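Tertiary structure, described
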Amino acid sequence: MAFTEKNLFVPEPVEIAGRHVKRYHVTDDPAGIEPQIEKAAYALLPELLPAPDGTPPASFVVLHRGGDTGAYLNVYSWQWDNVLHFSGAAAGQPALDCPDTDPAHFVRIAPGARNWIGCVWELAPLTHERNAWVRHMLAPDVPDLPGYLADALRSGTTGPAA
């Protein structure tokens, strides 16, 4: 089977549990991720966000609908001014200890159970988010959280822009 990129959708940021959350959705489906999967993933999101530590409360998530029964929620939160905290959840993937194959039944991946931070499609936003954090939050004399939140990858594919 040859590798192909997936569709990347970039919904507007939301505020959840006091944190600003940028969102990336990855799927083979050109229509996007099914609404029931998105709703279920974001219902679990507050449990995956770290406690405040004085760093501007910003996170980004990658919600990935796999090609089988799986769905994955990767949550990256800025902590300690310049460090990414990771939490994850999965649904519909028995290999990750999900109780069934329902892609809307998310369960938290226990810390240490799988020390994975994302697959090749889910990693696409990481470099962009690192550079945006430096550009808007660390390099300026005054951090620009609204600028960071507005600086996202464009919808398209998970591969490099043409």
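Quick note: structure is the one above.
Now for a description of the structure that goes with this document. The shown structure was predicted, so the numbers you read here are calculated from the model rather than taken from an experiment.

**Points about unusual backbone geometry**
A positive phi is found at D81, a non-glycine position, where the angle reads about 70°. Within the element layout of this structure, D81 appears in the loop between strand 5 (71-79) and strand 6 (83-91). With a phi angle near 65°, D97 is a residue other than glycine that sits in the positive phi range. Within the secondary structure layout, D97 lies in the loop between strand 6 and strand 7 (106-108). Classification of D97 by relative accessible area gives exposed; the value is 60%.

**Structural notes on the pattern of salt bridges**
Under the counting rule described, the total for this entry stands at four salt bridges. Across the salt bridge formed by E129 and K22, the nearest N and O atoms sit 3.0 Å from each other. Residue E129 is located in helix 2 (residues 124-138), and its partner K22 is located in strand 3 (residues 19-27); the two are separated by 107 residues in the primary sequence. This pair shows no difference in class: E129 is buried, exactly as K22 is. E38 is paired through a salt bridge with R23; the nearest N and O atoms lie 3.3 Å apart. Of the two residues, E38 sits in helix 1 (residues 35-48) while R23 sits in strand 3, which places them 15 residues apart along the sequence.

**Examining helix 1**
Here helix 1 spans 20 Å end to end across 14 residues, near enough to the 20 Å set by a 1.5 Å rise per residue. Restricting attention to buried positions, one finds in helix 1 the residues I37, A40, A41, Y42, L44, L45 and L48. Taken together, the buried residues of helix 1 touch strand 2 (14-16), strand 3, strand 4 (58-65), strand 5, strand 6 and strand 7.

**Quick notes on the packing of aromatic side chains**
What the rule picks out here adds up to five aromatic pairs. Relative to F86, the ring of Y76 has its centre 5.3 Å away and its plane inclined at 50°; by these criteria the two rings are tilted. In this pair, Y76 is assigned in strand 5 and F86 in strand 6, connecting sequence segments ten residues apart. Among the aromatic residues, ring-to-ring pairing joins F60, Y76 and F86 into one connected group. The lysine or arginine in question, K6, covers the ring of W121, its NZ or CZ lying 4.3 Å from the ring centre.

**Overview of the side chain of E122**
Relative to the assigned elements, E122 resides in the loop between strand 7 and helix 2. Despite its burial, E122 pairs with no opposite charge; the closest candidate is K6, at 7.5 Å N-O. Among the polar contacts made by the side chain of E122, one reaches the side chain of H64 at a distance of 2.8 Å. Within polar-contact distance, the side chain of E122 engages the backbone nitrogen of C119 at 2.9 Å. If near-sequence neighbours (up to four positions away) are discounted, E122 is found in contact with V62, H64, Y72 and N74.

**Details of the nonpolar core**
Ranked by size, the top nonpolar core spans 19 residues in total, and within it L45, V61, L63, L73, V75 and F106 carry the most contacts. The element best represented in this core is helix 1, accounting for seven residues. Look past the residues within four positions of L45 in its chain and what remains in contact with it is I16, V21, V61, L73 and V75.

**A few points about the side chain of R23**
Assessed through its relative accessible area of 12%, R23 is described here as buried. Polar side-chain contacts of R23 include one of 2.8 Å to the backbone oxygen of E12. Discounting chain neighbours no more than four positions away, the residues touching R23 are F9, V10, P11, E12, V14, E38, Y42 and V61.

Analysis parameters
- Residues numbered from 1 in each chain as written.
- Predicted model: local features only at pLDDT ≥ 70, side-chain atom pairs only at ≥ 80, totals over all residues.
- Heavy atoms only, no water.
- Helix = DSSP H or I, 4+ residues; strand = E, 2+ residues; numbered from the N terminus.
- Buried < 20%, exposed > 50% of the residue type's maximum accessible area, 1.4 Å probe, protein only.
- Salt bridge = Lys/Arg side-chain N within 4 Å of Asp/Glu carboxyl O.
- Expected span 1.5 Å × (residues − 1).
- Contact = heavy atoms within 4.5 Å.
- Phe/Tyr/Trp six-rings, centres within 6.5 Å; stacked < 30°, edge-to-face > 60°.
- Lys NZ or Arg CZ within 6 Å of the ring centre and 35° of its normal.
- Lys, Arg positive; Asp, Glu negative; His and termini not counted.
- Polar contact = N/O pair within 3.5 Å; in protein donor to acceptor, adjacent residues only side chain to side chain.
- Core = buried A, V, L, I, M, F, W, Y, C linked by side-chain atoms within 4.5 Å.

Function cannot be inferred from these measures alone, as they are strictly geometric.
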